[in-house]
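As a plain string of letters, each chain reads:
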Amino acid sequence: MLTFALPLILLVATGLGKNSAVLGGPAFRISLALTVGLVSIGTVGYSLAIARDRDTGVFQRLRVTPAPSWTIMVSRWIVQLGAVLVMAIVVLVVAAVFVGITLRPQNYLFTVLIALLGSAVFLSIGQAIVGLIASADTLNAAGRLLYVPLIGLSLFGDSDRLGTTVELVSRWSPGGCLETLLSAAMGATAWSGQSWGALFASTGYTLLFAVIGIRWFQWGAR
Amino acid sequence: MTGLALQVRDLHVSYGPMRAVDGISLDINEGEIFGLLGPNGAGKTSTLSAIEGLLKPTSGSILIRQVDVRANPRKAKALIGVQLQSTSFQSELKISEIVKLYAGLYGVPLTKPAIFDSLAEIHLGDEASRRFSQLSGGQQKRLSLLIATIHDPPLVLLDEPTSGLDPQARRQLWDRIERIRKSGRSILLTTHSMEEAQSVCDRVAIMNRGKILTVDTPAGLIEKHKKDPNVLAVARGQVTLEDVFIGLTGRELRD
C-alpha cells in the first residue's frame, strides 16, 4: 500500500486544484512521489521485514548454512532495489500516461539511476534503525514516526515559506538532497554545485547510516 | 563406530561476565546419537550454537570430522545439519520453494519431482504449496528435520526437536531420528525429556551451570549414580534417569 499506492495518489493529488501551483511543478510532483516510495520501501518496509525475520529466527536458520553472512543481507538489498526499480518505473509511466508529465529519454534513465541512489540512502537509514532497535514492534512504531519528518523535510527544500532555517535543514536532509538530485535528473533544473553537494551528502548519509546499521546489527533476536 | 564425528575440547562461552559454557569437552562417535540433558540455562543451546558457528566461543576447540569450526566455518557448516530450537522460514515462500532454496544453499540441485518426493516421504506431499506458518507444529518440525538433512550431513544437531509435540508426532520424529542414524549419520540433540533421552540416545551427558556433570549410556548413568545420596533423596522408588538428573542438577526452578 505505502510502496505503490501512496506515491501514485500523491502524483495525482498534487496536481489537483491549486495544489500544483503552490507545491511546485510537474518535476516536483514526480520527485515527491518517488521520495515517498523510497522512504516507504527503505525506511519502513525493509527495516520491518528484516526485524521480523530476525525475530522469527529466519536469519539464524540461514546462518547455519555455508552461505556467507554478507550474501544473506545482499540478497535482501537486491530484492529492495528491484522493488525500487519497479516503483520508479510505475510512477514514471503513470506520470506520462495518466497525468501527462513526460521527460526526455535520457532524463528517464537518469531519474531511475538517481532513484536507485536514493534507495541506497533510505535502505541504509532502514539498516541503521534495525541495527539500533531490537524489537520488531518498536521498530514498526519508530519507522512510522520517522516516515513523516523524512518526507515532510523533503517538501520545503526549495521554499522559504517556513523560514530560511527550515529551508536549509530541509534542503540538506536525506529527502531534500534526493529532491534536488531528482529535479536535476528530470531536467527541471540544471546540474549545479548544489546538485553535486546533494550527491556528496547522499553518499555521506548512505555511508554513515550503513556503518551504524552494520556495526550494531545483530542476527538473532535479543 | 569408526571415528569421531565431533570433538569438543575445553569449550568456554561467555555473555559478558556470565559463563554460559564453562570448559566442557565431549566426543561423538560416527553413527551415535548423543543427548545433552540439562535444566534451563545449563548451557545446552550455547554449546550447540558454538558448534553451529552462530556464536564465537571464548576459548576451546571444536572439530567436526577433523574440520576446525573456527578456522574453516564454511567447510564445517557444510558438514552439519541443524534444527534450531525455534525455527522459521521465509514467510513469502511455499514449502516446496523453501526446500529448493535450502538444498541450493548446500549445493544440492533438486528437481521438482525430487522435492515432491522428499516432501511426500515426511507426509507433506499435499502441503507443498502452503506456507511454513500454515503448518501444524508437528509438520513444521518434520520439515525442519528434512531441511537439516537435505545435504546428507555426517553430523545432525537437533535443539529440543520434539518440544511442544503431541505423543504421536513425537514418536514419528523419534522414528525419523532413528532412520537418520541408521543411514550412518551422528546426531547431537538437546532435550528436557528423560523419556526421549532413554528411548533415542546411545549416550547422554547431563549439564548444569555450563559444565558437564556426567556422561554415559542412559542405563549406565542410572547404575553409576543410583547410590548417590542426592539421587536417593529425590527418588520415589526405583531410581530413574529423571531421579539422576534432578539429584545431580538440584530441585530449584530455573528460568
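Residues numbered from 1 in each chain as written. Chains lettered and ligands numbered in written order. Predicted model: local features only at pLDDT ≥ 70, side-chain atom pairs only at ≥ 80, totals over all residues. Heavy atoms only, no water.

In terms of regular secondary structure, chain A is built from ten helices and zero strands. Each helix and strand of chain A, ordered N terminal to C terminal, gives the series α-α-α-α-α-α-α-α-α-α. Taken over C-alpha atoms, the radius of gyration comes to 18 Å for chain A, in line with the 17 Å a tight globule of 222 residues would show. Projecting the C-alpha coordinates of chain A onto the three principal axes gives extents of approximately 55 × 40 × 30 Å. In chain A, the proportion of contacts linking residues at least 24 apart, taken out of those at least 6 apart, comes to 73%. Side-chain charges in chain A split into 13 positive and 7 negative, and the spacing between the mean points of these groups amounts to 7 Å. (Helix = DSSP H or I, 4+ residues; strand = E, 2+ residues; numbered from the N terminus. Rg over C-alpha atoms; globule rule 2.2 N^0.38 Å. Contact = heavy atoms within 4.5 Å. Lys, Arg positive; Asp, Glu negative; His and termini not counted. Charge placed at Lys NZ, Arg CZ, Asp CG, Glu CD.)

So, on to the overall build of chain B. Of regular secondary structure, chain B possesses ten helices and ten strands. Its C-alpha atoms give chain B a radius of gyration of 19 Å, near enough to 18 Å, the size a compact globule of 255 residues would have. In chain B, buried positions account for 53% of the 255 residues. Sequence-distant contacts, at least 24 apart, represent 63% of the contacts inside chain B between residues at least 6 apart. As presented, chain B carries roughly 11,700 Å² of accessible surface, and 48% of it is formed by carbon and sulfur atoms. Taking the average location of the 32 positive side-chain charges in chain B and that of its 29 negative ones, the two points are 3 Å from each other. (Buried < 20%, exposed > 50% of the residue type's maximum accessible area, 1.4 Å probe, protein only. Areas by Shrake-Rupley, 256 points an atom, 1.4 Å probe, with all protein chains shown as cover.)

Further remarks concern a nonpolar patch on the surface. Residues Leu109(A), Phe110(A), Leu113(A), Trp191(A), Trp196(A) and Phe200(A) make up a contiguous nonpolar surface patch of about 640 Å² in total accessible area. A total of three residues in the nonpolar patch trace back to one element, the largest contributor, which is helix H6 (residues 105-132) of chain A. (Patch = residues over 30% accessible without salt bridge, like charges linked within 9 Å, V, L, I, M, F, W, Y side chains within 5 Å. Salt bridge = Lys/Arg side-chain N within 4 Å of Asp/Glu carboxyl O.)

This part is about the nonpolar core. In this structure, Ile30(A), Phe59(A), Leu119(B) and Leu143(B) are the most contacted members of the largest nonpolar core, which totals 73 residues. Per-element accounting of this core gives the leading share, 15 residues, to helix H3 (residues 26-56) of chain A. The residues touching Leu119(B), leaving out its near neighbours within four places in the chain, are Ile95(B), Ser96(B), Val99(B), Leu124(B), Gly125(B), Ala128(B), Leu143(B) and Leu146(B). Counting 32 residues, the second largest nonpolar core, distinct from the first, contains Val21(B), Leu36(B), Val67(B) and Ala76(B). (Core = buried A, V, L, I, M, F, W, Y, C linked by side-chain atoms within 4.5 Å.)

Residue and element names in this part refer to chain A. Among the secondary structure elements, glutamate 179 is positioned in helix H9 (residues 174-185). Notably, glutamate 179 is buried but unbridged: the nearest opposite-charge side chain belongs to arginine 171, and the N-O separation is 11 Å. When residues no more than four places from it in sequence are discounted, the contact partners of glutamate 179 are Phe28, Ser31, Leu32, Thr35 and Ser154.

Residue and element names in this part refer to chain B. Here helix H3 (residues 95-105) crosses helix H4 (residues 112-121) at 110 degrees, and the two axes come no closer than 10 Å. Judged by the inter-axis angle, H3 sits roughly perpendicular to H4. Handedness of the H3/H4 crossing: right-handed. Every residue of H4 that contacts H3 at Ile95, Ser96, Val99 and Lys100 is listed here: Ile115, Phe116, Ser118 and Leu119. By residue class, the composition of the contact of H3 with H4 is five nonpolar, two polar and one charged. (Axes fitted to C-alpha atoms, helices over the stretch in contact; angles between N-to-C directions. Parallel < 35°, antiparallel > 145°, perpendicular 65-115°, else oblique. Left-handed = near helix turned anticlockwise from the far one by under 90°. Nonpolar A, V, L, I, M, F, W, Y, C, P; charged D, E, K, R; others polar.)

A few words on helix H10 (residues 193-215) of chain A. All names here are of chain A. For H10, which comprises 23 residues, the first-to-last C-alpha distance of 33 Å matches the rise-based estimate of 33 Å (1.5 Å per residue) to within 8%. Those residues of H10 that sit buried are Ser195, Gly197, Ala198, Ala201, Ser202, Thr206, Ile212 and Gly213. Buried-residue contacts for H10 involve H6 and H9. (Expected span 1.5 Å × (residues − 1).)

Quick look at the pattern of salt bridges now. Residue and element names in this part refer to chain B. Scanning the model with the defined rule gives 16 salt bridges over all chains in all. Between arginine 171 and glutamate 195 there is a salt bridge, with the nearest N and O atoms lying 3.5 Å from each other. One end of the pair, arginine 171, is in helix H6 (residues 167-182); the other, glutamate 195, is in helix H7 (residues 194-200), with 24 residues separating them in the sequence. Residue class for arginine 171 comes out partly exposed when judged on its relative accessible area of 49%. Between aspartate 202 and arginine 181 there is a salt bridge whose closest N-O contact spans 2.5 Å. Of this pair, aspartate 202 sits in the loop between H7 and strand E9 (203-208) while arginine 181 sits in helix H6; the two residues are 21 residues apart in sequence, bridging distant segments of the chain. Its relative accessible area of 24% is what places aspartate 202 among the partly exposed residues. Several salt bridges share partner residues, and in doing so they unite Arg19, Asp22 and Lys211 into one network.

With 13 residues of chain A at the interface, the matching set in chain B holds 18 residues. For the pair chain A and chain B, the two sides together bury roughly 1,500 Å², of which 59% comes from carbon and sulfur. At the surface where chain A touches chain B, the tally comes to four residue pairs in polar contact (both at pLDDT 80 or more). Ranked by residue count, the leading element in the side of chain A that touches chain B is helix H4 (residues 58-63) of chain A, at five residues. (Buried area = accessible area lost by both parts, 1.4 Å probe. Polar contact = N/O pair within 3.5 Å; in protein donor to acceptor, adjacent residues only side chain to side chain.)

All names here are of chain B. Read across the open sheet, the four strands follow the order E2-E1-E4-E5; overall the sheet is antiparallel. What marks the edges here is a single partner per strand, and that holds for strand E2 (18-29) and strand E5 (67-68). With two bridges joining them, strand E4 (residues 59-64) and E5 adopt antiparallel strand pairing. Bridge pairing in E5 links leucine 63 to aspartate 68. Its contacts with the sheet put helix H1 (residues 44-52) on strand E1 (4-15), E2 and E4, and the angle it makes with E1 is roughly 115 degrees. (Pairing = 2+ DSSP bridges.)

We now examine unusual backbone geometry. Residue and element names in this part refer to chain B. One non-glycine residue, glutamine 66, adopts positive backbone phi at about 70 degrees. Its location among the elements puts glutamine 66 in the loop between E4 and E5. Assessed through its relative accessible area of 56%, glutamine 66 is described here as exposed.

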